[in-house]
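The residues making up each chain are set out below.
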Amino acid sequence: MDKKLEVKETPTTGFFAFGVNKRENTPVFQEAKSEWIPYGEDNLYPSYLIDLMNTSSKHNSLIKKKVNMSVGGGFKENPNLTNFIENRFGKDDLNDIVFKQGYDLNTYGGFSMAITWNNEKTKVVRETFIDHSKVRLAKQGIFENGDVRKDIQEDGVDFFFTSSDWSQYRKDKHKPVLWQGFSEKYKDAGTQIISVNEYRAGVDYYTYPDYIASVDWIELDKEIANFHLSSVHNGFTPSMIISFKGGIPTGEEQKAVKKNLQKQYGGTDNGSSVFVTFSQSDSSAPEFIPVNLNASDERFLQLEEQIQANIIVAHGATPIIAGVATAGKLGSSDEIRESEEMFQHNVIDAKQKLIERVYNKILKINGSNEKVELVGVKSFEDKILEDGNE
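Please read all numbers here as calculations on a predicted model, not as lab measurements.

Conventions we followed
- Residues numbered from 1 in each chain as written.
- Predicted model: local features only at pLDDT ≥ 70, side-chain atom pairs only at ≥ 80, totals over all residues.
- Heavy atoms only, no water.
- Salt bridge = Lys/Arg side-chain N within 4 Å of Asp/Glu carboxyl O.
- Helix = DSSP H or I, 4+ residues; strand = E, 2+ residues; numbered from the N terminus.
- Buried < 20%, exposed > 50% of the residue type's maximum accessible area, 1.4 Å probe, protein only.
- pLDDT = per-residue confidence, 0-100.
- Contact = heavy atoms within 4.5 Å.
- Phe/Tyr/Trp six-rings, centres within 6.5 Å; stacked < 30°, edge-to-face > 60°.
- Lys NZ or Arg CZ within 6 Å of the ring centre and 35° of its normal.
- Pairing = 2+ DSSP bridges.
- Axes fitted to C-alpha atoms, helices over the stretch in contact; angles between N-to-C directions.

Student: Would you mind showing me how to read the pattern of salt bridges here?
Tutor: Once their charged atoms are close, side chains differing in charge can pair, the charge on each being opposite to the other. Within the structure shown, the criterion is met by 14 salt bridges. Among the ionic pairs, Asp 147 bridges to Arg 149, the shortest N-O distance being 2.8 Å. Here Glu 198 and Lys 351 are joined by a salt bridge, their closest N and O atoms 2.9 Å apart. Of this pair, Glu 198 sits in the loop between strand 8 (191-197) and helix 6 (215-233) while Lys 351 sits in helix 9 (residues 333-365), and the two are 153 residues apart along the sequence. Residue Glu 198 shares its accessibility class with Lys 351, and that shared class is buried.

Student: Before we go on, may I ask you to explain the confidence of the model for the protein in this structure?
Tutor: The predicted coordinates of low-pLDDT regions are not to be read in fine detail. Looking at the protein, pLDDT values average 84 and 74% of them are 70 or higher. Predicted confidence is poor over residues 287-291, with pLDDT under 50, and the contacts of this stretch with residues over four places away or in other chains come to three contacts.

Student: Even after reading the chapter, I still don't get the packing of aromatic side chains, so can you show me in this structure?
Tutor: The relative placement of two aromatic rings is captured by the distance of their centres and the angle of their planes. As enumerated under the stated definition, the model contains 16 aromatic pairs in all. Between Phe 29 and Tyr 39, the ring centres sit 5.6 Å apart and the planes meet at 80°, which makes this aromatic pair edge-to-face. Within this pair, whereas Phe 29 is found in the loop between strand 2 (15-22) and helix 1 (45-55), its partner Tyr 39 is found in the loop between strand 2 and helix 1, the two being separated by ten residues in sequence. Between Phe 143 and Phe 159, the ring centres sit 4.9 Å apart and the planes meet at 65°, which makes this aromatic pair edge-to-face. Linking Phe 143 in the loop between strand 5 (135-137) and helix 5 (148-154) with Phe 159 in strand 6 (residues 159-162), this pair joins segments that are 16 residues apart in sequence. The class of Phe 159 is buried, set by a relative accessible area of 2%. Grouped by ring-pair contacts, the aromatic residues Phe 29, Tyr 39, Tyr 45, Tyr 48, Tyr 206 and Tyr 208 constitute a single cluster. Cation over ring: Lys 187 sits above Trp 117, and NZ or CZ is 4.5 Å from the ring centre.

Student: Would you take a moment to explain the sheet that holds strand 6 for this structure?
Tutor: Strand pairing in a sheet relies on backbone hydrogen bonds. The paired strands run either parallel or antiparallel. Taken in spatial order, the three strands make up an open sheet running 5-6-7, and their pairing is antiparallel. The open sheet has two edge strands with one neighbour each: strand 5 and strand 7 (177-180). When strand polarity is set aside, the average angle formed by the axes of neighbouring strands in this sheet is 35°. Both strand 5 and strand 6 contribute to a ladder of three bridges, which runs antiparallel. In the strand pairing of strand 6, Leu 137 is matched with Phe 160.

Laid out in structure tokens, this is it:
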């Protein structure tokens with residue numbers, strides 16, 4: 001999420017320090033003035049989750065592992081479902097769609113899609129992928145009296161808004177579009193949205209991803225890497241004290257100095273910290289006991305094992321699943337297979353079933369008794385094991 005600079009002022013002694021405070025990373029989803037329920041305080045919580053995935057190598061690796069094990073192989077081949085999976089009237093076949101949905105499910109904790117009814121409103125003839133991060137739940141009561149959609153919403157059918165870019169939704173090309181949610185009863189809207197979230201106790205409207213408890217550790221992983229990179233770029237510039245001895249400025253003037261300095265020295269982007277003092281003269285300058293802040297990188301390195309362990313646990317994985325070497329273990333194929341079977345049972349099965357239920361419901365509506373089954377990709381496939389090649 002966004003970071004907010006905190007200024008500590010002490011006018012009588014004439015000094016301040018600045019640092020970085022993180023904002024709450026588990027937002028409360030609640031109604032606001034807009035016609036939709038904001039997805040986080042700034043309505044951009046999915047963007048924050050994407051940033052976590054793209055900036056933490058450990059976290060990104062585990063998301064990829066979960067995606068591959070849940071949807072990496074697409075739907076199991078079934079001659080009776082060939083036409084259904086081909087999705088002949090859609091842009092993508094269902095294997096392509098479900099892979100994208102697997103990524104959304106493991107990143108945001110939910111996934112979405114649009115379905116289109118045939119002209120007779122008896123069968124679903126097309127499925128279309130909808131990026132879950134672009135979907136917002138419409139508030140109750142947004143329709144006027146006499147609008148048939150008001151009756152539909154009051155009968156329990158959700159409505160949704162989508163925007164190609166919620167950070168610029170006021171621009172015409174990103175203007176939110178209203179959709180009716182899926183309903184077997186109300187089919188006048190030929191194309192409807194299905195939006196599914198994993199259940200999380202105490203969370204309304206949206207959800208948190210299953211790794212939410214480790215978000216602080218993921219942030220640490222990102223910031224430590226950023227610190228080391230910035231330190232290299234800056235030639236390992238040390239933390240420092242800047243002392244101004246020409247008088248003590250007003251609080252507003254001190255803020256102006258802070259604003260200029262923090263651009264160069266604030267946070268992990270610069271790999272250093274700054275303490276600023278003001279005094280009337282050398283004799284009145286404050287005295288500081290030296291602290292070796294150059295060891296910050298060493299302290300960060302000491303956190304590495306804790307960060308790694310907490311991210312792995314939050315994903316419900318083990319070091320072997322994460323591809324992390326464990327002291328005293330060789331990581332044989334049997335150990336990997338055993339770990340993946342446990343991971344499959346504890347984490348992956350539930351995600352596969354959540355997705356399969358949606359498609360199997362569509363098959364039932366279309367008059368089919370067949371059921372789809374997702375196939376994941378594991379480190380050691382059965383065919384390889386049968387051939388005796390590990």
